[in-house]
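Chain residues, written in single-letter form:
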Amino acid sequence: MPNVTLTIDGRQVTVPAGTTVLEAAREAGIFIPTLCHDPLLPGWGACRLCVVEIPGMRNLPASCVTPVAEGMVVYTASEAVIEARRTIIDLLLSNHPMDCLTCEKNGDCRLQDYAFLYGVRQPSFKGEKKNYPLDDSNPYIVRDLNKCILCGRCVRTCQAVPERAVIDFGYRGFNTKVVTAMDTPLGDSSCVYCGRCVAVCPVGALTYKPLAGKGRTWEVEKRPVTCTFCESGCAFDLVVKNGRVIGVMAKEPGPGRPLCLKGRLGLELLYVEEPLKPMLKKDGQFVPVSWAEALGLESILDRMKKVEGKEGR
Ligand code: FES
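Predicted model, so just to flag it, every value in this text is computed and none were measured.

Caption draft 1: View of the overall build of the protein. Tallying secondary structure elements over the protein gives eight helices and 12 strands in all. Within the protein, the proportion of its 313 residues that are buried is 45%. A total accessible area of about 17,300 Å² is found for the protein, and carbon and sulfur atoms account for 56% of it. With 39 positive and 35 negative side-chain charges, the protein shows a spacing of 1 Å between the two charge centroids.

Quick look at the structure:
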């Protein structure tokens, strides 16, 4: 593939044709903020936070979906760019709970980081706010749609998994939200709790229930670990606080993204000192059960006993 040379913030950068402006800037060590961009997924261009200024182009293009061109000149932090980013953050905060002090994602939230970076202290747009009930119907994932910024990373990540696509965008305009089929709670959907959506959520809309209240982001350390349950060797993160493993999380995007629920839960059993209690849905409610029951061993044993009785052995 031929190379293309462009100028970003006065620096000459040479990258293969087809590279996006965002990738080229990152290659050169130049920071551009992103919310909806995921390097493992096709370009999306939804949040517009990654806008840059390119003389000759109308408006400010989103760098994550703009391919480089020979001789292109890019400004990543011009006055117009900073003003646009501030307005986007202001708009997002205007329809976002301001409960950072108690949010599970405090210290690990991109919206919070960018609000700090661009000095957006208070939202300036007034009007209606989302008011959805908290969805904690799922035993592993808590969904707070009031904090969702509709970046679509969870939707696209879930849809990239074969036979999943549990969530998608529903409704229109102000009422747009991430929904399951028929907009049921996540616990009633076909979600298998793999946690990939939680790992890619840049804000506090999706959090991992078993870790709720167990430690602030800056108190825990993430240690990469490789699953040994099958030959795929998927990567996970052990969440460690004061030398003790308090949880297992799907890994953030990168090579070796985790692929299955069995591995994550198996590792929880292996490493976490207070492993999760297995739960089964009975009469529409999740109730704690023994591992033998959860794994179906009780029914196998029952059947073996019946066969034994019948055969007289
Ligand atoms: Fe480029 Fe969201 S990161 S549009």
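Caption draft 2: Focus on the environment of Ser-94. Mapped onto the fold, Ser-94 is located in helix α2 (residues 79-94). Each C-alpha atom of the pair Ser-94 and Glu-23 lies 30 Å from the other, and the pair is 71 residues apart in sequence. For Ser-94, the residues in contact, after removing those within four places along its chain, are Pro-123, Ser-124, Phe-125 and Lys-129. Reaching out from Ser-94, the side chain makes a polar contact with the backbone nitrogen of Phe-125 at a distance of 3.4 Å.

Caption draft 3: Main features of the packing of α2 against helix α3 (residues 110-117). Put simply, α2 and α3 touch, their axes get as near as 10 Å, and they point 130 degrees apart. The angle between α2 and α3 falls in the class oblique. The interaxial crossing formed by α2 with α3 has left-handed handedness. Facing Ile-89, Leu-92 and Leu-93 of α2, the residues of α3 in contact are Leu-111, Tyr-114 and Ala-115. Considered class by class, the residues forming the contact of α2 with α3 number six nonpolar, no polar and no charged.

Caption draft 4: Just unusual backbone geometry, in detail. Of note in this structure, Asp-9 is not a glycine but carries a positive phi near 50 degrees. Owing to a relative accessible area of 36%, Asp-9 belongs among the partly exposed residues under this scheme. The phi angle at Tyr-171 is positive, at roughly 65 degrees, despite the residue not being glycine. Its place among the elements puts Tyr-171 in the loop between β5 (167-170) and β6 (177-180).

Caption draft 5: Main features of the sheet that holds strand β9 (residues 235-241). Pairing is antiparallel across the open sheet formed by three strands, whose spatial order is β8-β9-β10. Of all the strands in the sheet, just β8 (220-226) and β10 (244-250) have a single pairing partner and so form its edges. Looking at each pair of strands side by side, their axes are set apart by 30 degrees on average, direction ignored. Pairing geometry for β8 and β9, over seven bridges, is antiparallel.

Caption draft 6: Expanded view of the nonpolar core. In this structure, Ile-89, Leu-111, Ile-141 and Ile-167 are the most contacted members of the largest nonpolar core, which totals 43 residues. Secondary structure elements with two or more residues in this core: α2, α3, α4 (153-159), α5 (196-200), β7 (206-208) and β10. Looking at this core, the element that brings in the most residues is α2, giving five residues. With residues near it in sequence (within four places) discarded, Leu-111 still touches Leu-35, Ile-89, Leu-92, Leu-93, His-96, Ile-149, Pro-202 and Val-203. Listed in part, the 20 residues of the second largest apolar core include Val-21, Cys-50, Val-68 and Val-74.

Caption draft 7: Looking closely at the packing of aromatic side chains. Using the criterion set out here, one finds three aromatic pairs in the structure. On the numbers, 6.4 Å between centres and 55 degrees between planes, the contact of Phe-31 with Tyr-114 is tilted. With Phe-31 in the loop between α1 (21-27) and β3 (73-74) and Tyr-114 in helix α3, this residue pair connects regions lying 83 residues apart in the sequence. On the basis of relative accessibility, which here comes to 47%, the residue Phe-31 falls in the partly exposed class. A relative accessible area of 7% places Tyr-114 in the buried class. Here the aromatic rings of Trp-44 and Phe-169 are separated by 6.4 Å at their centres, their planes lie at 15 degrees, and the arrangement is stacked. Taken together, the positions of Trp-44 in the loop between α1 and β3 and Phe-169 in strand β5 put the pair 125 residues apart, joining distant regions of the chain. Residue Phe-169 is classed as partly exposed on the basis of its relative accessible area, which comes to 29%.

Caption draft 8: Geometry of the pattern of salt bridges. Overall, the coordinates contain eight salt bridges when judged by the stated rule. The salt bridge partner of Asp-99 is Lys-147, with a shortest N-O separation of 3.2 Å. You can see Asp-99 sitting in the loop between α2 and α3 and its partner Lys-147 sitting in the loop between β4 (141-143) and α4, a full 48 residues away along the chain. On the basis of relative accessible area, Asp-99 is assigned to the partly exposed category, the value being 30%. Residue Lys-147 is classed as buried on the basis of its relative accessible area, which comes to 7%.

Caption draft 9: Quick look at the sheet that holds strand β1 (residues 3-8). The strand order across the open sheet built from three strands is β2-β1-β3, with neighbouring strands paired in mixed fashion. Of all strands in the sheet, those with a lone pairing partner are β2 (11-16) and β3, marking the two edges. Direction of pairing for β1 relative to β3: parallel, over a ladder of two bridges. Among the inter-strand pairings, Thr-7 is bridged to a residue of β3, identified as Val-73.

Rules used in this analysis
Residues numbered from 1 in each chain as written. Predicted model: local features only at pLDDT ≥ 70, side-chain atom pairs only at ≥ 80, totals over all residues. Heavy atoms only, no water. Helix = DSSP H or I, 4+ residues; strand = E, 2+ residues; numbered from the N terminus. Buried < 20%, exposed > 50% of the residue type's maximum accessible area, 1.4 Å probe, protein only. Areas by Shrake-Rupley, 256 points an atom, 1.4 Å probe, with all protein chains shown as cover. Lys, Arg positive; Asp, Glu negative; His and termini not counted. Charge placed at Lys NZ, Arg CZ, Asp CG, Glu CD. Contact = heavy atoms within 4.5 Å. Polar contact = N/O pair within 3.5 Å; in protein donor to acceptor, adjacent residues only side chain to side chain. Axes fitted to C-alpha atoms, helices over the stretch in contact; angles between N-to-C directions. Parallel < 35°, antiparallel > 145°, perpendicular 65-115°, else oblique. Left-handed = near helix turned anticlockwise from the far one by under 90°. Nonpolar A, V, L, I, M, F, W, Y, C, P; charged D, E, K, R; others polar. Pairing = 2+ DSSP bridges. Core = buried A, V, L, I, M, F, W, Y, C linked by side-chain atoms within 4.5 Å. Phe/Tyr/Trp six-rings, centres within 6.5 Å; stacked < 30°, edge-to-face > 60°. Salt bridge = Lys/Arg side-chain N within 4 Å of Asp/Glu carboxyl O.

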